[in-house]
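A closer look at the structure
Next come the chains, spelled out residue by residue.
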Amino acid sequence: MDWMDGLDGRSRSGQARDVGNWEALPSERVLFCNAVVQSEKEACGVSSSPGRTGGAAGPRGLRLRVLRRPPQPVSGFDIYRKVPKDLTQPTYTGAIISVCCCLFILFLFLSELTGFIATEIVNELYVDDPDKDSGGKIEVNLNISLPNLHCELVGLDIQDEMGRHEVGHIDNSMKIPLNNGDGCRFEGHFSINKVPGNFHVSTHSATAQPQNPDMTHIIHKLSFGDKLQVHNVHGAFNALEGADKLSSNPLASHDYILKIVPTVYEDMSGKQRYSYQYTVANKEYVAYSHTGRIIPAIWFRYDLSPITVKYTERRQPLYRFITSICAIIGGTFTVAGILDSCIFTASEAWKKIQLGKMQ
């Protein structure tokens, strides 16, 4: 019995038959809607009414009518079709997977949110002189202790390939006596040219040269440019900090060969700070003068690298954060749905095997 012919207004032969909004269906094509749930009746386009409204009476005093729904052109573009709740089936494994899925999404969401709020440091390399307004100068900060050399013997000499040769530099420098005057701590702030050269701590500027000057020392600080202390930037800005040469030969000279690398740090506001990192290699040797005397010194020979390192402080863009969240939610639900479908299919197949219905 094909009762759908009565619903679409056509007989099996294909001839059109006007049913009308309140026209009763033939009794032989009556659908027993009282045995169907309400959602199924609405899906069929069939509704029931008491026996006094007109139309043919079906079993148990039920009258049927055909409802013509108005055309809905916009809803035809809906790609998220809705499934009635009565047609779904909740399962125990599905509940477990759903809870785990939500917890996993929450964990990933909080991780992405933490990364979005925090700033990140991006570094890049390029060839250029970043601090063109410095006048070709680099500021140097030196702090060194010589526990076995008197302060009146300690001096700083500077020379470079531009012809600079300065003996006994005293500007912006300070000498602090140590060990009851037997030692000295030298602190100096001076500038050097951006060309290869050296500066050294020695007794060359002393009025009278000692017989056996002791150049054992401890370097507390040697830095170039602005002081740069950023939590996420770990560079060699003070590579010689803590260098201990107290156990070395007292008459030996010390050569520290430095390769200075220009460094720029740009914060969130766009403000730039200029500093310098450096690598170091050192050697010890005993140096004799043309008269045969031993004249030790602590040499810092430097050269500049053409490569500049730039650190830029950034925050993750909003669109990237939204994209990550959508990917997390969509990917997690997709994988969880596949997993739940596999488990459900396997459990149904196992039940059929146990019932002997699986061939």
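Placed above this text is the structure.
Residues numbered from 1 in each chain as written. Predicted model: local features only at pLDDT ≥ 70, side-chain atom pairs only at ≥ 80, totals over all residues. Heavy atoms only, no water.

What follows deals with the overall build of the protein chain. A tally of helices and strands in the protein chain yields 4 helices and 15 strands. Here the protein chain, with 359 residues, has 33% of them falling under the buried criterion. Of the roughly 22400 Å² of accessible surface on the protein chain, 57% is carried by carbon and sulfur atoms. (Helix = DSSP H or I, 4+ residues; strand = E, 2+ residues; numbered from the N terminus. Buried < 20%, exposed > 50% of the residue type's maximum accessible area, 1.4 Å probe, protein only. Areas by Shrake-Rupley, 256 points an atom, 1.4 Å probe, with all protein chains shown as cover.)

Summed over all chains, the structure comprises 7 aromatic pairs. Centre to centre, the rings of Phe-116 and Phe-321 are 4.7 Å apart; their planes meet at 25 degrees, and the pair counts as stacked. Highlighted residues: Phe-116 in helix α3 (residues 92-117) and Phe-321 in helix α4 (residues 318-355), separated in sequence by 205 residues. The side chain of Arg-301 reaches across the aromatic face of Trp-299, ending 4.4 Å from its centre. (Phe/Tyr/Trp six-rings, centres within 6.5 Å; stacked < 30°, edge-to-face > 60°. Lys NZ or Arg CZ within 6 Å of the ring centre and 35° of its normal.)

Enumeration over the complete set of coordinates arrives at 1 disulfide. Disulfide partner of Cys-151: Cys-184, at an S-S distance of 2.4 Å. One quick way to see it: the torsion about the S-S bond of Cys-151 and Cys-184 is about 105 degrees, and its sign makes the bridge right-handed. Of this pair, Cys-151 sits in the loop between β4 (137-146) and β5 (155-160) while Cys-184 sits in strand β8 (residues 183-193); the two residues are 33 residues apart in sequence, bridging distant segments of the chain. For the pair formed by Cys-151 and Cys-184, the shared burial category is buried. In this model Cys-100 remains outside any disulfide bridge; the closest cysteine sulfur is found in Cys-101, 8.8 Å from its own. Distance from the sulfur of Cys-101, which forms no disulfide, to the nearest cysteine sulfur (Cys-102) is 5.5 Å. (Disulfide = S-S within 2.5 Å.)

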